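These are the residues of each chain, in order.
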Amino acid sequence: PNHKAIHAMGDKIESKLIAKKAGVNIIPGVDGEIETKEMMFEVAEMIGYPIMIKATAGGGGKGLRIAWNKEEADVEWDAAKREAAASFGDDRMLIEKFIDNPRHIEIQVIGDKHGNIVYLPE
């Protein structure tokens with residue numbers, strides 16, 4: 001992939017916007033950075049608990065916390081921001097609805113600018 005695609009997929013906010021524009025179903029949340037705890041609480045009330053508090057950068061579960069209620073969200077926000085800053089040098093956060101016991105299907109799709117596309121099963 002070119003540098004623009006790599007950059008876009010490295011930022012969860014940007015990749016979520018690209019997926020939404022392409023018509024892909026996405027987890028309920030907000031399409032941008034959650035800058036404050038107060039904003040997080042507002043979003044959580046809108047989408048309902050439990051929520052995922054997620055670092056916009058990185059992966060592997062770093063900077064990711066689950067909160068089942070407002071009290072947990074208050075504590076987990078601080079922990080997620082600290083971990084994201086330490087791990088990625090970026091403490092921006094997003095909030096999504098936590099889906100308990102989901103069915104997870106993952107495939108890797110690789111394509112190039114010439115229209116060649118392949119998928120790699122699990």
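Computed from a predicted model, the values in this text were never measured in an experiment. (Residues numbered from 1 in each chain as written. Predicted model: local features only at pLDDT ≥ 70, side-chain atom pairs only at ≥ 80, totals over all residues. Heavy atoms only, no water.)

Q: Got a minute to help me understand the overall build of the chain in this structure?
A: If you tally the helices and strands in the chain, you get 4 helices and 5 strands. Mapped in sequence order, the helices and strands of the chain form the string α-α-α-β-β-α-β-β-β. Here the C-alpha coordinates of the chain stretch approximately 50 × 30 × 25 Å along the principal axes. A fraction of 50% describes how many contacts in the chain between residues 6 or more apart in sequence connect residues 24 or more apart. On the chain, roughly 8,200 Å² of surface is accessible, and the fraction owed to carbon and sulfur atoms is 55%. Distance from the positive charge centre (16 side chains) to the negative charge centre (21 side chains) of the chain: 4 Å. (Helix = DSSP H or I, 4+ residues; strand = E, 2+ residues; numbered from the N terminus. Contact = heavy atoms within 4.5 Å. Areas by Shrake-Rupley, 256 points an atom, 1.4 Å probe, with all protein chains shown as cover. Lys, Arg positive; Asp, Glu negative; His and termini not counted. Charge placed at Lys NZ, Arg CZ, Asp CG, Glu CD.)

Q: Explanation requested: helix α4 (residues 70-88) in the structure shown.
A: Since there are 3.6 residues in each turn of an α-helix, residues three or four apart along the chain are aligned in direction. Taking 1.5 Å as the rise per residue, α4 with 19 residues should run 27 Å; its terminal C-alpha atoms sit 26 Å apart, in good agreement. Along its length, α4 shows its largest kink, about 25 degrees, at E76. Residues of α4 that are buried: A73, W77, A79, A80, K81 and A84. For α4, the secondary structure elements touched by its buried residues are α3 (37-47), β1 (51-55), β2 (64-67) and β3 (93-97). (Expected span 1.5 Å × (residues − 1). Bend = angle between axes of the 7 residues up to and from the residue. Buried < 20%, exposed > 50% of the residue type's maximum accessible area, 1.4 Å probe, protein only.)

Q: What am I meant to see in the side chain of K16 here?
A: By secondary structure assignment, the location of K16 is in helix α2 (residues 12-21). Non-local contacts of K16, meaning those with residues more than four positions away in its chain, are made with I26, I27, P28, G29, V30, D31 and E96.

Q: What am I meant to see in the pattern of salt bridges here?
A: Oppositely charged side chains may form a pair once their charged atoms are brought near each other. Summed over the entire model, instances satisfying the criterion amount to 10 salt bridges. Across the pair D31 and K20 runs a salt bridge, and its minimum N-O distance is 2.5 Å. You can see D31 sitting in the loop between α2 and α3 and its partner K20 sitting in helix α2, a full 11 residues away along the chain. Classification of D31 as partly exposed rests on a relative accessible area of 33%. Among the salt bridges present, the one from R65 reaches E76, with a minimum N-O distance of 3.3 Å. (Salt bridge = Lys/Arg side-chain N within 4 Å of Asp/Glu carboxyl O.)

Q: Where do I start with the sheet that holds β1 in this structure?
A: Strand pairs in the sheet, formed through backbone hydrogen bonds, run parallel or antiparallel to each other. Pairing in this open sheet of 3 strands is antiparallel, and the strands run β2-β1-β3 from one edge to the other. Single-partner strands in this sheet number two, and they are β2 and β3. Taken over all neighbouring pairs, the strand axes of this sheet differ in orientation by 20 degrees on average, direction set aside. The sheet contact formed by β1 and β2 spans 4 bridges and is antiparallel. Across the sheet, M52 pairs through a bridge with I66, a residue of β2. (Pairing = 2+ DSSP bridges. Axes fitted to C-alpha atoms, helices over the stretch in contact; angles between N-to-C directions.)

Q: Any chance you could explain the pairing of β1 here in plain terms?
A: In the case of a regular strand, side chains alternate between the two sheet surfaces. Burial of β1 is extensive: 5 of the 5 residues sit out of reach of the surface. Side chains I51, I53 and A55 of β1 all project onto a buried face; the interleaved residues M52 and K54 project onto the opposite face, where all are buried too. Two strands pair when backbone bridges link them, and β1 and β3 are joined in this way by 5 bridges, in the antiparallel orientation. Counted as the bridge partner of I51 is K97 from β3.

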